[in-house]
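If you want the building blocks of each chain, they are given just below.
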Amino acid sequence: MALRRLALAVIASALAHVAIAAEHASRDEAVAMVNKAVAYWKENGDEKTFAAITAKGGQFHDRDLYLVVYGLDGTVLAHGNNEKMVGKNLIDLKDVDGKSWVKERVEMAQKQNTFWQEYKMTDPLTKKIEPKQSYCERIDKNVLCGGVYK
């Protein structure tokens, strides 16, 4: 009986991990969403794109995957998970490990057109601080990113 309970517990735990993984976006999905937004941006311009990215439940939000746009000065121009961030300069923002990730993002965008960046952020699904990887692409004097949680 105890062995059966243990087996059921192991199966339940495995299924829970599968369900959580399905709730989280993949790196490929992050790249695809950034690419979709780049195409949208080229067709619709800044104002419409920033509004579409910031819109709750819009086409640029999927589970824990959302997009953000920063100016190369660190100012948030669009934010798919927290519209209150729009207009704020976050260049000095640090993650829980003290990493100045906005500053790093801006510096990376000034050197390369596309890149992956790692830092820690609160996962919108689990509400826990988790490692995050963001795929970013520079568009003129802006950087557009979509991130996934490990």
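Note that the structure is predicted; figures quoted are calculated from it, not measured.

A.B. asks: Which parts of the structure should I look at to understand the overall build of the protein?
C.D. replies: Scanning the protein from terminus to terminus reveals three helices and six strands. Mapped from its N terminus to its C terminus, the protein presents α and β elements in the order α-α-β-β-β-α-β-β-β. Considering only contacts in the protein between residues 6 or more positions apart, those separated by 24 or more positions represent 49%. Surface summary for the protein: the accessible area is close to 8600 Å², and the carbon and sulfur share equals 55%.

A.B. asks: Is there a simple way to explain the side chain of Thr-75 in this structure?
C.D. replies: With respect to the helices, strands and loops of the structure, Thr-75 is situated in the loop between β2 (65-71) and β3 (76-79). Polar contacts involving the side chain of Thr-75 include one to the side chain of Asn-89, which spans 3.2 Å. Setting aside residues up to four positions removed in sequence, Thr-75 forms contacts with Val-69, Tyr-70, Gly-87, Lys-88 and Asn-89.

A.B. asks: How should I be thinking about the pairing of β3 in this particular structure?
C.D. replies: For a regular strand, the rule is simple: side chains alternate between the two faces of the sheet. Pairing between β2 and β3: three bridges, direction antiparallel. Looking across to β3, one finds that Tyr-70 is bridged to Val-76. Between β2 and the antiparallel strand that follows it, β3, lie four residues; Gly-74 among them carries a positive phi value of about 95°.

A.B. asks: What is the right way to read the layout of surface pockets from this model?
C.D. replies: If a probe the size of a water molecule is rolled over the atoms, the empty space left behind becomes visible. If you add up the space inside the largest pocket, you get close to 280 Å³. Residue lining of the largest pocket: 22 residues in total, with Tyr-66, His-79, Asn-81, Asn-82 and Met-121 positioned closest to the centre. Counting only elements with at least two residues in the lining of the largest pocket, the list comes to β2, α3 (101-111), β4 (114-122), β5 (129-139) and β6 (142-149). When the residues that make up the lining of the largest pocket are grouped by side-chain class, the tally is 11 nonpolar, seven polar and four charged.

A.B. asks: Got a minute to help me understand the environment of Arg-63 in this structure?
C.D. replies: Assignment of secondary structure puts Arg-63 in the loop between β1 (61-62) and β2. For Arg-63, a relative accessible area of 28% puts it in the partly exposed group. Separated by 40 residues in the primary sequence, Arg-63 and Glu-23 place their C-alpha atoms 6.2 Å from one another. At 3.3 Å, the side chain of Arg-63 forms a polar contact with the backbone oxygen of His-24.

A.B. asks: Explanation requested: the nonpolar core in the structure shown.
C.D. replies: Val-34, Trp-41, Ile-53, Phe-60, Leu-67, Val-69 and Leu-144 are the most contacted members of the largest nonpolar core, which totals 20 residues. Of all elements in the fold, only α2 (27-54), β2, β5 and β6 reach the threshold of two or more residues within this core. Examining the composition of this core, we find that 10 residues originate from one element, α2, more than from any other. Residues in contact with Val-69, not counting those within four places in the same chain, are Trp-41, Phe-50, Ile-53, Thr-75, Val-76, Leu-77, Ala-78, Asn-142, Val-143 and Leu-144. Tyr-66, Val-68, Val-76 and Phe-115 belong to the second-largest nonpolar core, a separate cluster that totals 15 residues.

A.B. asks: Help me understand the pattern of salt bridges, please; the structure alone is not making it clear to me.
C.D. replies: It is possible for side chains bearing opposite charge to pair when their charged atoms get close. Using the criterion set out here, one finds five salt bridges in the structure. For the salt bridge of Arg-63 with Asp-62, the shortest nitrogen-to-oxygen distance reads 3.0 Å. According to the relative accessible area criterion, Asp-62 is partly exposed, its value standing at 31%. For the salt bridge of Asp-97 with Lys-120, the shortest nitrogen-to-oxygen distance reads 3.0 Å. Within this pair, whereas Asp-97 is found in the loop between β3 and α3, its partner Lys-120 is found in strand β4, the two being separated by 23 residues in sequence.

A.B. asks: Whenever I open this one, the pairing of β2 confuses me. Can you help?
C.D. replies: Counting buried positions along β2 yields seven of seven residues, so the element is predominantly enclosed. The alternating pattern of β2 places Leu-65, Leu-67, Val-69 and Gly-71 and Tyr-66, Val-68 and Tyr-70 on opposite faces, both of which are buried. Across two bridges, β1 lies against β2 in antiparallel orientation. Residue pairing across strands places His-61 opposite Tyr-66, the latter belonging to β2.

Rules used throughout
Residues numbered from 1 in each chain as written. Predicted model: local features only at pLDDT ≥ 70, side-chain atom pairs only at ≥ 80, totals over all residues. Heavy atoms only, no water. Helix = DSSP H or I, 4+ residues; strand = E, 2+ residues; numbered from the N terminus. Contact = heavy atoms within 4.5 Å. Areas by Shrake-Rupley, 256 points an atom, 1.4 Å probe, with all protein chains shown as cover. Polar contact = N/O pair within 3.5 Å; in protein donor to acceptor, adjacent residues only side chain to side chain. Pairing = 2+ DSSP bridges. 1 Å grid on protein atoms, 1.4 Å probe; cavity = no way out; pocket = protein on both sides within 12 Å on 5 of 7 lines; lining within 4 Å. Points joined across faces, edges and corners; volume = space filled by probe spheres on them. Nonpolar A, V, L, I, M, F, W, Y, C, P; charged D, E, K, R; others polar. Buried < 20%, exposed > 50% of the residue type's maximum accessible area, 1.4 Å probe, protein only. Core = buried A, V, L, I, M, F, W, Y, C linked by side-chain atoms within 4.5 Å. Salt bridge = Lys/Arg side-chain N within 4 Å of Asp/Glu carboxyl O.

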